[in-house]
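Spelled out from the first residue to the last, the chains are:
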Amino acid sequence: MAVEMKSHQFRREREDTWKQLEYLTTKAEKKGIKSLDADEITRLPQLYRATLSSLSVARAISLDQNVLTYLEGLATRAHLVLYGNHERAYEAFSQFFDHRLPRAIRAMGWELALATLTLLLGALAGFFLTMMDPDWFYAFVNSEIAQGRTPTTSTEELREVIDGSKSNGVAGLDLFTTFLVTHNAQVGITAFALGIAFGLPTLYLLFSTGTMLGGFLALYASRDLGVELGGWLMIHGTTELFAVIVCGAAGLHIGRAMVFPGKRLRMENLATAGRTAAMAVMGGVFMFVIAGFLEGFGRQLIIDTVTRYTIATVMLVLWCSYFYLAGHKKEDDAQSIQAQ
Amino acid sequence: MRNLFKRSSRPKAVRAPSGREIRALETAEGVALQLELASVGERIAAFALDMVIQFFGILAVSVGVGFISSAMDSPQFWVIFVMLFTFLGRNFYFIFFELRWAGQTPGKRVAKIRVINRGEGRLTADAIFARNLLREIELFLPLTLLMAMNLTDGASGRTITLAAIWTTILLLFPLFNRDNLRAGDLIAGTLVVHKNTQALLADAAEVAEAQDEAIHFTSRQLGFYGEFELQKLEDIMRSKTFWSRDDELKRVAQTIANKIGWEGNEPETQTRSFLSAFYAAQRNQLEGRMLMGNRRASKHDDASE
């Protein structure tokens, strides 16, 4: 070729810019954008824009497949580095508790109401059916959770379990706590994920949790131990049941978005609902951890029924006021505008 | 996104040279970047690798902590640790890596794929939570259910059937929508794409220029092929074949010579020079047409000139 090709000349003139951008992008991808110094941070967007313009020129004048693929990949990688998530872990953490979680919970008002109602209905059904015929107990409470407490157990033994005078047959506090937290959190996550089947399995899960609770209450109430059992259950139960309701509501939130897309496209709506719900579930997992500690430690150490009820009430008030009151200030800051 | 469930009504998919389908990513600068959709195969490979890593990670930690706890004479410590570690692995392995590595896990790195936000905006933590928490019912729950069924020796055939149907629907879900979304991607608003890390290679035409310049082509001889064939030739010139397989190279050169009516014996005697020169000349010619807004997609494209 006597005369140099345009695409060739084009490449020769801009190659340096691309190489520089490639170097900075690779560095940022490997070590994080924080590893770039002040000068590099300033140059990154400039190099990105120059490369983007190279790309659109290349698409118009070059048939060099390697250059086109290279620029396409480089521009995309740089774009995702520049517009990626630059939040530090502790920032994300504090933002989560500061306003993201309470807002996610507040966005699910109707679902929370429905989840609570379903749980209550289940509890009522479980309670009255077991009161009428103790055999229902076996249908509602599985043996693993009953830990040998059934309608045939003597009143004395039932009392021993809840007044703390006898270990409840589990090896130790830490082990028991770990088991409770992981098991309950897993059930909570499942309740959320099942929401994708239009929320129906979630409703079933909430209802059956309710019947189990009602069955237990009925068993103790039939021996005039209802009030004591209430204290024994509720010291962690207000937190734990709240967490169950939050996770259930998150599942219903997805289910609702699948059935009623509202004014937006179904896909968009589902994505927004899914993210809000996932945030709430992470909050639910956190609540299960707190509940696990209350159950594993608090319950064994505090055996006075009145104190137990006091703690139960305080926890409930704390959760409600946190979810209701936190994170209002920044409601219309840059964060929520960006989220649009 | 609008056409998720309407396969028939949409135009044929646009594909990258790699064969992957293309999705556009709009930038604020007005240039739409081309994203290559990750194939189902790549995603299965990445997932399988992640599961293997997870499995052996939990196994290694369990054995390691087993030694420590037996030294401490505290089996309880071991049970607690394994229980906790399994829970964290099951639920947070993917979340942890996707948060830290901007949408990649070890498996995804190897398979060269990454998670991005569908549409505009960055990949946020809540989306990563949502897409990965759903794995619980896509895989782990049906798996546990099936194992539980085996243990209790077919307590309920109906439950097994339901679990099987459920798993099948969710597993096959990515095959029945155009973006290969699994249920988790659907509710998180995410998309899994190929991570293009193509290196910048020497210009194939530059290689040609360094060679024999005595080979010239007439504009008639350059009027047969289009962009498609040019790219095929570029592929050949960049492949190992170009430097090792003489016979195959000669066959290619002969095919071109026959098509364009080349009379000399250069395809036989100076095969590489001939191909390089032809590539450079053909590209120059097609790029010249391109500048005039007159593109020729392939040899079958007779719409212009």
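Quick summary incoming for the structure in this document.

What counts, and at which threshold
- Residues numbered from 1 in each chain as written.
- Chains lettered and ligands numbered in written order.
- Predicted model: local features only at pLDDT ≥ 70, side-chain atom pairs only at ≥ 80, totals over all residues.
- Axes fitted to C-alpha atoms, helices over the stretch in contact; angles between N-to-C directions.
- Helix = DSSP H or I, 4+ residues; strand = E, 2+ residues; numbered from the N terminus.
- Parallel < 35°, antiparallel > 145°, perpendicular 65-115°, else oblique.
- Nonpolar A, V, L, I, M, F, W, Y, C, P; charged D, E, K, R; others polar.
- Expected span 1.5 Å × (residues − 1).
- Buried ≥ 20, exposed ≤ 12 C-beta atoms within 10 Å, placed from the backbone.
- Contact = placed C-beta atoms within 7 Å.
- Pairing = 2+ DSSP bridges.

Examining the packing of helix H11 (residues 226-259) of chain A against helix H12 (residues 266-301) of chain A
Residues and elements named next belong to chain A.
- Put simply, H11 and H12 touch, their axes get as near as 8 Å, and they point 170° apart. Taken together, the axis directions place H11 and H12 in an arrangement best described as roughly antiparallel.
- Here the contact of H11 with H12 is built from residues that sort into 21 nonpolar, 9 polar and 3 charged.

A word on helix H2 (residues 38-61) of chain A
Residues and elements named next belong to chain A.
- Helix length check: H2, at 24 residues, gives a terminal C-alpha distance of 35 Å against a target of 34 Å (1.5 Å per residue), a fit within 8%.
- Within H2 the residues assigned to the buried category are Leu44, Leu47, Tyr48, Thr51, Leu52, Ser54, Leu55 and Ala58.
- In this structure, the buried residues of H2 make contact with helix H1 (6-31) and helix H3 (65-82).

Some thoughts on unusual backbone geometry
- Despite not being glycine, Phe198 of chain A has its phi angle at roughly 60°, a positive value.
- Along the chain, Phe198 of chain A falls in the loop between helix H9 (173-193) and helix H10 (200-221).
- With a phi close to 55°, Lys112 of chain B is a non-glycine residue in the positive phi region.
- Relative to the assigned elements, Lys112 of chain B resides in the loop between helix H3 (106-110) and strand S3 (113-117).
- Residue classification places Lys112 of chain B among the partly exposed residues on the basis of 15 C-beta atoms within 10 Å.

Topic: the pairing of strand S1 (residues 22-26) of chain B
All names here are of chain B.
- Examined bridge by bridge, S1 and strand S2 (residues 32-36) share 5 bridges and lie antiparallel to one another. Residue pairing for S2: Ile22 is matched across the bridge by Glu36.
- Hairpin connection, S1 to S2: the antiparallel pair is bridged by 5 residues, and Gly30 has positive phi, about 90°.

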